Amino acid sequence: MNSLLRSKPKSTVKKVFATVLFVLACFLSLQFFFPNVLTSTVLFIAKPVWMFRDATVSSSSSFFGLFSHSSTLRKENEKLRDELYALRVREVEFNQMQTEYMDLKTFLGDSASTSVKSFNTLARVLSKPPFTPYDSFVVDKGTLAGVSIGNLVYANEGLVIGRVTKVTSNASFVTLFSSGGEAQEFLVSRTGVSLSVTGKGGGNFEIYVPKDFDIKVGDSLTEPSYDVGIVAEVYAVDETSQNSFKRVYARVPKAIFRSKSVLIGI
Amino acid sequence: MDTDIQLRLLFFVSLLLSFFLLPWWVSVPAVLAYCIYYTPAVEVIAFGFLADNLYGVSYIYTYIASAVCFLVYFIKSHIRT
């Protein structure tokens with residue numbers, strides 16, 4: 001009786017193992033023979049569900065916002081007005097600098113058309129962290145809108161956040177530069193020196209450089225292929241280690257995971 | 001239909017919806033719980049496959065789900081004996 005009880009699981013373990021292998025083989029062959037069809041189908045189902053989720057979340061937050069205390073609302077209003085004023089000032093400065101920059105570009109002989117990024121596509125973010133496990137976005141524009149693999153993705157004009165890594169006809173997958181383990185070459189905008197930056201997830205980056213390397217808090221890191229477009233900003237430099245290297249921490253200067261839309265440079 | 005099968009089906013559909021509507025750190029432990037409760041839960045591989053197609057960065061969840069499905073069954077059967 002005892003031996004019967006013991007022998008039973010061994011045979012079923014083999015059966016389960018075989019079943020798991022069979023199911024895995026089925027899925028992998030499906031993936032191999034129809035890679036884009038499956039992704040498109042899954043996204044076709046997911047798109048309306050994600051839109052419904054976003055609509056529900058935004059309407060429920062505005063509903064609960066009705067119950068906020070009036071003094072809290074007044075304070076928030078004042079804070080937003082201050083922010084708006086500061087942003088207007090910055091916008092004026094930015095426009096002035098942009099004009100000067102374009103004049104300089106023309107003067108130096110570089111064609112103005114090559115320096116201006118063409119944001120042909122504004123895409124809506126369908127899924128983003130924490131719903132996705134990686135630092136990645138799913139956006140609602142695909143090959144039909146002219147998006148292709150390798151296109152740069154911007155959170156706004158001047159903030160590059162990642163690249164398109166997979167495209168279907170109506171959606172694209174964007175892998176952010178800050179994705180865990182992603183190593184990229186960026187430039188320190190102040191000095192123009194190139195360095196290897198590793199993504200750490202959550203919009204964060206880590207850099208190992210020699211202790212005498214010229215980098216400080218507040219420095220901007222830019223994408224080398226584009227002369228405009230900040231990727232990250234240095235917020236801490238750790239020089240306490242015993243070896244000859246220092247650890248530099250950078251992060252995206254915007255809450256990118258709150259973005260509802262992105263620009264795709266085609 | 002048997003109540004247990006109905007419950008399993010309900011749990012399965014809830015998990016499927018959770019992949020679309022909830023953060024991954026809610027869905028993944030829920031799938032693990034499903035896998036432990038209903039061994040052998042081969043349908044878990046479908047969730048891995050779904051996650052890979054939904055988030056599309058690298059195909060890893062299908063393999064992880066297969067391994068977890070088998071390992072959970074293997075461990076549970078050995079604990080029983």
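Each value, and the rule that gives it
- Residues numbered from 1 in each chain as written.
- Chains lettered and ligands numbered in written order.
- Predicted model: local features only at pLDDT ≥ 70, side-chain atom pairs only at ≥ 80, totals over all residues.
- Heavy atoms only, no water.
- Helix = DSSP H or I, 4+ residues; strand = E, 2+ residues; numbered from the N terminus.
- Buried < 20%, exposed > 50% of the residue type's maximum accessible area, 1.4 Å probe, protein only.
- Lys, Arg positive; Asp, Glu negative; His and termini not counted.
- Salt bridge = Lys/Arg side-chain N within 4 Å of Asp/Glu carboxyl O.
- Polar contact = N/O pair within 3.5 Å; in protein donor to acceptor, adjacent residues only side chain to side chain.
- Expected span 1.5 Å × (residues − 1).
- 1 Å grid on protein atoms, 1.4 Å probe; cavity = no way out; pocket = protein on both sides within 12 Å on 5 of 7 lines; lining within 4 Å.
- Points joined across faces, edges and corners; volume = space filled by probe spheres on them.
- Nonpolar A, V, L, I, M, F, W, Y, C, P; charged D, E, K, R; others polar.
- Axes fitted to C-alpha atoms, helices over the stretch in contact; angles between N-to-C directions.
- Parallel < 35°, antiparallel > 145°, perpendicular 65-115°, else oblique.
- Left-handed = near helix turned anticlockwise from the far one by under 90°.
- Contact = heavy atoms within 4.5 Å.

**Points about the side chain of Asp52(B)**
Then step 1. Mapped onto the fold, Asp52(B) is located in helix H3 (residues 44-55).
Then step 2. Nearest to the buried, unbridged Asp52(B) among oppositely charged side chains is Lys166(A), at 8.5 Å.
Then step 3. Only 3.3 Å separates the side chain of Asp52(B) from the backbone nitrogen of Ile60(B), close enough to count as a polar contact.
Then step 4. Side chain to side chain, Asp52(B) and Thr62(B) meet in a polar contact 2.6 Å long.

**Some details on H3(B)**
Then step 1. Across its 12 residues, H3(B) extends 17 Å between first and last C-alpha, which sits within 8% of the 16 Å expected from 1.5 Å per residue.
Then step 2. Among the 12 residues of H3(B), 11 are classified as buried, and the element is accordingly described as predominantly covered.

**Description of the layout of surface pockets**
Residue and element names in this part refer to chain A.
Then step 1. Taken as a whole, the second largest pocket holds about 320 Å³ of empty space.
Then step 2. The wall of the second largest pocket is formed by 16 residues, among which Asp54, Val57, Ser58, Lys128 and Lys260 lie closest to the centre.
Then step 3. Broken down by secondary-structure element, the contributors of at least two residues to the lining of the second largest pocket are helix H2 (35-65) and strand S1 (119-127).
Then step 4. By residue class, the composition of the lining of the second largest pocket is seven nonpolar, three polar and six charged.

**What to know about the pattern of salt bridges**
All names here are of chain A.
Then step 1. Overall, the coordinates contain seven salt bridges over all chains when judged by the stated rule.
Then step 2. The salt bridge partner of Asp214 is Arg190, with a shortest N-O separation of 3.0 Å. Here Asp214 is found in the loop between strand S8 (204-210) and strand S9 (220-222), whereas its partner Arg190 is found in the loop between strand S6 (183-188) and strand S7 (194-201), with 24 residues between them in sequence.
Then step 3. With relative accessibility at 42%, the residue Asp214 sits in the partly exposed group.

**Comments concerning the packing of helix H1 (residues 3-21) of chain B against helix H2 (residues 24-37) of chain B**
Residue and element names in this part refer to chain B.
Then step 1. Relative orientation of the contacting elements H1 and H2 amounts to 160°, with a least axis distance of 10 Å. The angle between H1 and H2 places the two elements in the roughly antiparallel class. H2 is crossed by H1, and the crossing has left-handed handedness. The residues of H2 that touch H1, namely those facing Arg8, Phe11, Phe12, Leu15, Ser18 and Phe19, are Ser27, Ala30, Val31 and Tyr34.
Then step 2. Partitioned by chemical class, the residues of the contact of H1 with H2 number seven nonpolar, two polar and one charged.

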